[in-house]
Structure formats: structure tokens, C-alpha cells
Amino acid sequence: MKGVSLEMGIPQVSMLRSSCAALRRASSVLRPAAVFTRQSRNISMDTQNLLARLNSAGLLRSQCLIGGKWTEAYGGKTIPVHNPATGDVLVNVPCMGGQETNDAISVAYEAFLSWSKLTAAERSKRLRKWYDLLMANKEELGQLITLEQGKPLKEAIGEVNYGAAFIEYSAEEAKRVYGDIIPSPLADRRLLVLKQPVGVVGAITPWNFPLAMITRKVGPALACGCTVIVKPSELTPLTALAAAELALQAGIPPGALNVVFGNAPEIGDALLASRQVRKITFTGSTNVGKKLMAGAAQTVKKVSLELGGNAPCIIFDDANLEVAVKGALGTKFRNSGQTCVCANRILVQEGIYEKFVAAFSQAVQSMQVGEGFTEGVVQGPLINEAAVQKVESFVKDAVSKGAKVLLGGQRHSLGMTFYEPTVIGDIKNEMLIARNEVFGPVAPLLRFKTEEEAISIANDTDAGLAAYVFTESIQRSWRVAEALEYGIVGVNEGLISTEVAPFGGVKQSGLGREGSKYGMDEFLEMKYVCMGNLNSN
């Protein structure tokens, strides 16, 4: 499972209805602070004060963005945004559907006609300004992420740095979208290759990285000359809205970036049905990705999918123990285990197994769990009750089949959706926790004997996103990295994500790549131009 909750239907393709009148009804006024304080009168004074400061800074937006206007749902329906650490309702936001999405598509298409005609240098300047504003407001954005997603503030600010880097990189790459000249076999012809923006993009993003999963898609899309409709998770929309506000301030024109959320199936159906939307990019579960892929086939859209993982972390006997423990800890418990590249299975060779288990368990035991604004906390809550219940079911299944809980294994005494950092030994490959993403702070340990056995266990899955290898042998690192059926392999490193490298998986973990120069190509079409009869007068 990924950080998205979206049961996507497959639409019947239909013509878009004009909704200009509805757009004129859209409000451009930010809801005042009194609204969220009245709706959430029982929240702590610290949270109320923080929300008030974010509101005063113009970063607590509680309406969607369509065509540069801050807009309510046309029917007035709203949904609450909760703090997962406390259960507090932070604010109510619009619950939009198909009509609003069709309007967003229309204005995005109109904006594309002008945005795509700007020079790459001009688009680059505006993206660079957006990056500057994101960095200037990284403390506030980090606070928003912690409020609605739950991760510790230090980690949330780290996400802002990471997310903003995609905008900076895209600003630089905007000026490096090169074509080609092909030597012609005929003397009177010249053969050219142009790269042009694909068009309007529908970007569907998850809750586990409320900023970075958006900037990783929107940055290269805008840099290439595309316009975008973002559908963030309904669990974490506030960060997306704050980022969009800063984009407007940076000079990204109305309609180039739109944000809608609410009724996910209706929004998804509208994006899939529209012939004006030429690209779908999605981060989320494999099941939803398959539905999007099928729906996109009706209008033959380009599709990029970053889907579920089942990452193995292989610790060989010759690994540096300290490096392996640090790397496994980072890749397993980052964001409370709620990332698509978290180590889902830790494979430990039998010669180092006991030493690793002792050192790793000691490191896990020292982790401080709590609300993200508390100093020293490194693990926050899970996103909601359903996430906790999933973790509980996986642990119960493993124990019933012979696994041993070495540490944790239950809900945390803090209550709410907090779960104890957990280590489980004697995991077998047939257990649920070894076959599916647990998406929580549970580290399953599997013992293996040989390199060949480790590779076989690691590859025995439909997923193929990320894998990790810890060894001091250069020869082994090459052999294993090449043999692993994954799109990303970290060797002696647990934190591998960066804006300068391609991110994506193989098998049922997705299609396409995000980040780096390769990620730019996902938003471009290649056009071949043949110029003939050049020898005639």
C-alpha cells in the first residue's frame, strides 16, 4: 500500500461541458482564522496559535485553486483535515468532484496555449523564484506537514528541502531540453527531432510526502511547458495549497497550476475521460495504478506510475555492522515506515545475524516516539486508524506462523495512531509481512545462508522499486546490484532519494522515472521533422 487512498473508477469518455459561469462564482477570499478556531475549539492553544500564525502568513489556505482563484466546492460540501497525532480537526476544506475538475482542465488547457510558448529561460526564472519562496518559508511549510501528516518537525523541514530541490533542478533543466539533428541518407533532406511539452497533466499524489511528491511531478511538468491539475491526498491537502500559493507569488500564471481534491473517484474519472488531459502521473498503490492505466487507455494518455514496493535490505556477513545498522534504521523507520522505499524485509546472513539483531534492536529501542513538535522525537503517528489496523494484522499473522516479536509489537501507550517501533525475528517468506508493504514501523528479519539465496528471496515478489545491499566487497556489490530486479539499489546506504537521480521501479512497481534529466522526458513528446527538396531553387 502506498500513501494514497483512491478507489478510481474507469470513466466513459465524454465531451467536456463549459463551466465558465461556475468559475465566475468561485471565491478568491481566504477563509478567516475564526472559522478554523470555531470548528476546532477543543484543540490545544499551541495548535490554535500556530494555525493563526500560518494564516497570517498567507499559507493556511482552505480552498482549492482553479484558474488562479481560491475556490469553494460548487455545492458547498467540505471535508475535515485532521492532525493524526491528536485527532484535532485543523480546518475544513472543499470536497470537489467532476464539475470542478472539468473547469480546472479547461483553464489548464487555456493556460497551456500561452505557458508553453514562453521561452525556456522565462519559465526557468519563475520556477527559480518558486524555489526561493519555498526555501524562505520552509519552517512554516514544515509546520504544516507536521500538523497534517504527523512526521517530526525536523524530518518535515527536511522534506521541504528535498521537495524544493526538485523545483530548483527543474528550473535549471528547463533550459536544457535539447532536440537533435540526424544525418540524412538523402542529400536534399534535413532530419530534425524536436521535443515539445505533452500538454495538460493530471498529477495524483499521496499523503506520505505532502510537498515532495507534488514538486517532483509539477516541477518538470512546468519546466517543459506543460500545465497541471494536482489532486493531492484529502488527508494532507494543506501543504499542497500553501505550495500553490507560493507558486502564484512566484509568477506561475493562473491556470498553469491548479489544485482540486475531495471526491477522488469523480476527480479521477474526469481526468481520465478528458481528451485535453494528455498525461497522468501518479504515486500510490499498485491496484489504483492499474485502474488509472486502464482508464488512460481510453484516450491513450501518457502514463507515469510510481507504485507499491516490497524493498529488501540485504545484510551480508562482510558488512560493516555500524554502517548496516545505521542504514537499515534509516530506510526502515523514516516517516514511521510510511514510504514506498522503506525496507520491508531485512535479510541478514547467518554469520552476522545475532550481532546485527542485538545492535539493531538496541538502536530501535532508543528511538523516541511522540508528537512531531516535541524535541527529540524521531517517530510520529501513523496516518490513521486503518494504517494501524493493517500493521496489527500483519504482526498477528507473522506471530501465528512462528515469528517472534523481539521488540515492540503493539500500539504505543501514547494512544491515537502511535505504534511502537517493532522488530520481529524468524520471518518466513510466505508471511503476509514478507509479501506485502507493511507501511509502518515494523522491521521483519529474515535469515539467509548464501548470496544466491538472498537474491532469490529478494526477487520473489511482483514489486521492484527499491532494494538495499550492505557489504564491504566491491565484487559482491556489483554482482548483487545487477542481479536485483529493482529500479533503485542502495549499496551501503539507506537514504537514496535525490533530485538528481532517476526514481522509479520495474515489474509492478510502476512505469517511468521521476527526478533527474530522465524525469524531464516523461513530460515531453518527440517530434520528427523532415525538410525535403532543399537542393531545388
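Remember, predicted model here, so these are calculated numbers, not experimental data.

**Overview of the pairing of strand 4 (residues 89-94)**
- Across the six residues that make up strand 4, a large majority, five, are buried.
- Of the pairings in the sheet, the one linking strand 3 (residues 78-82) to strand 4 comprises five bridges and is antiparallel in character. Across the sheet, Thr78 pairs through a bridge with Pro94, a residue of strand 4.

**Details of the sheet that holds strand 20 (residues 524-531)**
- The sheet built from three strands is open, its strands ordered 5-6-20 with antiparallel pairing. Edge positions in the open sheet fall to strand 5 (180-182) and strand 20, since each of these has one partner strand only. Strand-to-strand twist of the sheet, defined as the mean angle between neighbouring strand axes without regard to direction, takes the value 25 degrees.
- Pairing of strand 6 (residues 190-197) with strand 20, which is carried by eight bridges, proceeds in the antiparallel orientation. Paired with Leu191 across the bridge in strand 20 is Cys530.

**A short note on the packing of aromatic side chains**
- Tallied over the full model, the rule gives five aromatic pairs.
- For the pair Tyr162 and Phe166, a centre-to-centre distance of 5.0 Å together with 75 degrees between the ring planes defines the contact as edge-to-face. Separated by four residues within a single helix, Tyr162 and Phe166 lie in helix 7 (residues 153-173), roughly one turn from each other.
- Its relative accessible area of 3% is what places Phe166 among the buried residues.

**Some thoughts on the side chain of Lys301**
- Within the secondary structure, Lys301 sits in the loop between helix 11 (286-296) and strand 11 (302-306).
- Glu525 provides the closest opposite charge to the buried, salt-bridge-free Lys301, at an N-O distance of 11 Å.
- A polar atom in the side chain of Lys301 sits 3.0 Å from the side chain of Thr299.
- Beyond its immediate sequence surroundings of up to four residues, Lys301 is in contact with Leu271, Leu272, Ser274, Arg275, Val277, Arg278, Lys279, Ile280 and Ala296.

**A look at unusual backbone geometry**
- Backbone geometry at Val300 places phi at a positive 50 degrees, although glycine is not the residue there.
- Structurally, Val300 can be placed in the loop between helix 11 and strand 11.
- Residue Val300 is classed as exposed on the basis of its relative accessible area, which comes to 62%.
- At Ser516, a position not held by glycine, the phi torsion is positive, near 65 degrees.

**Here we look at helix 3 (residues 45-56)**
- Here helix 3 contains twelve residues, and its C-alpha end-to-end distance of 16 Å stays within 8% of the 16 Å for a straight helix at 1.5 Å per residue.
- Buried within helix 3 are the following residues: Thr47, Gln48, Leu50, Leu51, Leu54 and Asn55. Taken around the axis of helix 3, the buried residues stretch over an arc of 165 degrees, which confines them to a single face. With respect to the buried face of helix 3, the exposed residues turned more than 90 degrees away are Met45, Asp46, Arg53 and Ser56.
- Directly after helix 3, the chain includes Gly58, whose backbone phi takes a positive value near 80 degrees.

**Quick look at the pairing of strand 6**
- Of the pairings in the sheet, the one linking strand 5 to strand 6 comprises three bridges and is antiparallel in character. Counterpart to Ile182 in the pairing with strand 6 is Leu191.

**Focus on the nonpolar core**
- Core analysis: the largest hydrophobic core is formed by 84 residues, its most contacted members being Trp130, Leu134, Leu222, Val228 and Leu257.
- It is helix 9 (residues 238-249) that provides the largest number of residues to this core, a total of eight residues.
- Residue contacts for Leu134: discarding those within four places in its chain leaves Leu141, Val160, Ala164, Ile167, Leu211, Ala243 and Leu246.
- Counting 33 residues, the second-largest nonpolar core is a separate cluster that includes Tyr419, Met431, Leu446 and Ala467.

**A few points about the sheet that holds strand 18 (residues 488-491)**
- The strand order across the open sheet built from seven strands is 14-15-16-13-12-17-18, with neighbouring strands paired in mixed fashion. Each having just a single partner strand, strand 14 (404-407) and strand 18 make up the two edges of the open sheet. For this sheet the average axis-to-axis angle between neighbouring strands, irrespective of direction, equals 25 degrees.
- Taken together, the four bridges between strand 13 (residues 343-349) and strand 16 (residues 442-448) define a ladder with parallel strand orientation. Within the sheet, the bridge partner assigned to Leu347 lies in strand 16 and is Leu446.
- Docked against the sheet, helix 16 (residues 451-459) engages strand 12 (311-315), strand 13 and strand 16, running at close to 165 degrees with respect to strand 13.

**What to know about the packing of helix 6 (residues 138-149) against helix 9**
- Remark: helix 6 packs on helix 9, axes separated minimally by 9 Å, with the N-to-C direction vectors making an angle of 160 degrees. When the axis of helix 6 is compared with that of helix 9, the two are roughly antiparallel. Relative to helix 9, the crossing made by helix 6 is right-handed. Packed against helix 6, whose contacting residues are Leu141, Leu144, Ile145 and Glu148, the element helix 9 presents Leu238, Thr239, Ala242 and Leu246 at the interface.
- Residues belonging to the contact of helix 6 with helix 9 are distributed by class as follows: six nonpolar, one polar and one charged.

**With respect to the environment of Gln249**
- With respect to the element layout, Gln249 can be found in helix 9.
- Taking the C-alpha atoms as reference points, Gln249 and Gly67, 182 residues apart in sequence, are found 14 Å from one another.
- Here the side chain of Gln249 touches Glu245 through a polar contact of 2.7 Å, side chain to side chain.

**Comments concerning the state of the cysteines**
- Scanning the model with the defined rule gives zero disulfides in all.
- Cys64 provides the cysteine sulfur closest to Cys95, a residue in no disulfide bond, and the two sulfurs are 9.1 Å apart.
- Take Cys95: its relative accessible area is 14%, and that puts it in the buried class.

**Some details on the pattern of salt bridges**
- Scanning the entire structure with this criterion turns up 22 salt bridges.
- Measuring nitrogen to oxygen at the nearest pair gives 3.3 Å for the salt bridge that ties Asp521 to Lys195. With Asp521 in the loop between helix 18 (516-520) and strand 20 and Lys195 in strand 6, the pair connects residues that are 326 residues apart, well separated along the chain.
- Residue Lys195 is classed as partly exposed on the basis of its relative accessible area, which comes to 31%.
- Between Arg447 and Glu354 there is a salt bridge whose closest N-O contact spans 3.6 Å. In this pair, Arg447 is assigned in strand 16 and Glu354 in helix 13 (residues 353-365), connecting sequence segments 93 residues apart.
- Exposure remark for Glu354: the relative accessible area of 52% places this residue in the exposed category.
- In this structure, a network of salt bridges that share partners links the residues Arg216, Lys217, Glu306 and Glu514.

Thresholds, definitions, all that
- Residues numbered from 1 in each chain as written.
- Predicted model: local features only at pLDDT ≥ 70, side-chain atom pairs only at ≥ 80, totals over all residues.
- Heavy atoms only, no water.
- Buried < 20%, exposed > 50% of the residue type's maximum accessible area, 1.4 Å probe, protein only.
- Helix = DSSP H or I, 4+ residues; strand = E, 2+ residues; numbered from the N terminus.
- Pairing = 2+ DSSP bridges.
- Axes fitted to C-alpha atoms, helices over the stretch in contact; angles between N-to-C directions.
- Phe/Tyr/Trp six-rings, centres within 6.5 Å; stacked < 30°, edge-to-face > 60°.
- Lys, Arg positive; Asp, Glu negative; His and termini not counted.
- Salt bridge = Lys/Arg side-chain N within 4 Å of Asp/Glu carboxyl O.
- Polar contact = N/O pair within 3.5 Å; in protein donor to acceptor, adjacent residues only side chain to side chain.
- Contact = heavy atoms within 4.5 Å.
- Expected span 1.5 Å × (residues − 1).
- Arc of directions from axis to C-beta.
- Core = buried A, V, L, I, M, F, W, Y, C linked by side-chain atoms within 4.5 Å.
- Parallel < 35°, antiparallel > 145°, perpendicular 65-115°, else oblique.
- Left-handed = near helix turned anticlockwise from the far one by under 90°.
- Nonpolar A, V, L, I, M, F, W, Y, C, P; charged D, E, K, R; others polar.
- Disulfide = S-S within 2.5 Å.

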